[in-house]
Amino acid sequence: MTSKLRLRSADAARDGAACAAIYDPYVRDTVISLEDVPPDAAEMTARIERIERSHPYLVAEDDGRVVGFAYGSVHRERAAYRWATDVSVYIDAASHRRGIGRALYETLFDMLRGQNFLVAGAGITLPNEASVAIHEGLGFVPVGVYRNIGYKLGAWRDVGWWQVELAPQLNGQTPPEPTPPRRLEPTP
């Protein structure tokens, strides 16, 4: 990881365009994202604003340039799932293999624990060795595969599901309710 890296909470108006630019090639050129149309800056700004109401949305800056982002999101709408969250991380192609994804995820997981989330899940379009490696390196374990669930770039795609325990579950006790996200001020 570079010594110039700073992590902070996203600012939707300031970071929407940069996050859209990072995400664009994942949507346009790969099956890593199963979206068909890359969101533009306005749509990404709206997504950041929506997600930040309930979950952290972080960006990594290198010399003032956003080079990656990670966020938590609602796992499912049913109330019983409220202690679970889904997580995602995307890194600018020029910044891969520098530990940025790990740094974003570790900080995100600490923030999610602070909100009383107990389990994080991640969906990975298969095959994707790099994504599997980062998730498993952070303690995620595979829990299942949706076969032929998405059609993109001329073929049906499988999506594997991984999860990690963020905090121990209380046997038979109701855990504290999830709390609103806090903002992460930039690291020095």
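Please read these numbers as outputs of a predicted model, since none were measured by experiment.

Our next topic: the side chain of Ser 9. Here Ser 9 lies in strand E1 (residues 5-9). In this structure Ser 9 comes out as buried when scored by relative accessible area, which is 5%. At 2.6 Å, the side chain of Ser 9 and the backbone nitrogen of Leu 184 are in polar contact. In contact with Ser 9, other than residues within four places in its own chain, are Asp 15, Glu 52, Tyr 57, Leu 58, Val 59, Met 111, Arg 182, Arg 183 and Leu 184.

Moving on, we come to the pattern of salt bridges. With the rule as written, the count across this model stands at 17 salt bridges. Residue Asp 63 is joined to Lys 4 by a salt bridge in which the shortest nitrogen-to-oxygen separation is 3.6 Å. Of this pair, Asp 63 sits in the loop between strand E2 (57-62) and strand E3 (65-74) while Lys 4 sits in the segment before E1, placing them 59 residues apart in sequence. Taking relative accessible area as the criterion, Asp 63 reaches 59% and is therefore assigned exposed.

If you check helix H1 (residues 12-29), its first and last C-alpha atoms are 25 Å apart, about what 18 residues at 1.5 Å a residue would give, namely 26 Å. At Tyr 23, H1 shows its strongest bend, of approximately 35°, with the proline Pro 25 following within four residues. Every buried residue of H1 is accounted for by Ala 12, Asp 15, Gly 16, Cys 19, Ala 20, Ile 22, Tyr 23, Tyr 26 and Val 27. Structurally, H1 contributes buried residues whose contacts are with E1, helix H2 (41-51), E2, E3, strand E4 (84-91) and strand E6 (141-152).

Where H1 meets H2, the axes come as close as 7 Å, and the angle between the chain directions of the two elements is 115°. In the crossing of H1 with H2, the sense of the turn from one axis to the other is right-handed. When H1 is examined against H2, the residues Ala 12, Ala 13, Asp 15, Gly 16, Ala 17, Cys 19, Ala 20 and Tyr 23 are found in contact with a partner set consisting of Ala 41, Met 44, Thr 45, Arg 47, Ile 48 and Glu 49. Looking at the contact of H1 with H2 residue by residue, the class counts come to nine nonpolar, two polar and three charged.

Think of a pair of aromatic rings as described by two things: how far the centres are apart, and how the planes are tilted against each other in angle. If you walk through the whole model with that rule in mind, you get 11 aromatic pairs. Taking 5.5 Å as the distance between ring centres and 35° as the angle between the ring planes, the aromatic pair formed by Phe 69 and Tyr 90 counts as tilted. Of the two residues, Phe 69 sits in strand E3 while Tyr 90 sits in strand E4, which places them 21 residues apart along the sequence. Here the two residues Phe 69 and Tyr 90 agree in accessibility, since each one is buried. Between Tyr 105 and Phe 109 the ring centres are 4.9 Å apart and the planes differ by 25°, which places this aromatic pair in the stacked class. One end of the pair, Tyr 105, and the other, Phe 109, are both in helix H3 (residues 100-114), four residues apart, so they sit about a helical turn from each other. Phe 109 shares its class with Tyr 105; the two are buried.

Calculation notes
- All residue numbers refer to positions counted from 1 along the written sequence of the respective chain.
- Since the coordinates come from a predicted model, pLDDT governs what is reported: local features require at least 70, and pairs of side-chain atoms require 80 or more to be given and counted, while whole-chain, interface and lining totals use all residues.
- Calculated side-chain values reflect all of the structure's heavy atoms, with hydrogen atoms and water omitted.
- By the criteria applied, helices consist of DSSP H or I runs no shorter than four residues and strands consist of E runs no shorter than two, each listed in order from the N terminus.
- Residue burial is assigned from relative accessible area. The probe radius is 1.4 Å, only protein chains are included, and a residue is buried under 20% of its type maximum, exposed over 50%, and partly exposed in between.
- Under the rule applied, a polar contact is a pair of N or O atoms within 3.5 Å (in protein, one hydrogen donor and one hydrogen acceptor; residues adjacent in sequence only if both atoms are side-chain atoms).
- Should any heavy atoms of two residues lie within 4.5 Å, those residues are counted as being in contact.
- One side-chain nitrogen of Lys or Arg within 4 Å of one carboxyl oxygen of Asp or Glu is enough to make a salt bridge.
- Multiply 1.5 Å by the residue count of a helix minus one, and that product is the helix's expected span.
- Here the bend at each residue means the angle between axes fitted to two seven-residue stretches, the one ending at that residue and the one beginning there.
- Simply put, an axis is a line fit to the C-alpha atoms, just over the touching stretch for a helix, and the angle between two N-to-C directions goes from 0 to 180 degrees.
- Crossings are assigned a handedness: left-handed for a near helix turned anticlockwise from the far helix by less than a right angle, right-handed for a clockwise turn.
- Classes in brief: Ala, Val, Leu, Ile, Met, Phe, Trp, Tyr, Cys and Pro nonpolar; Asp, Glu, Lys and Arg charged; the others, Gly included, polar.
- Pairing of aromatic side chains here covers Phe, Tyr and the six-membered ring of Trp, requires ring centres within 6.5 Å, and sorts the geometry by plane angle: under 30 degrees stacked, over 60 edge-to-face, intermediate tilted.

Functional significance is not addressed by these values, which are geometric in nature.
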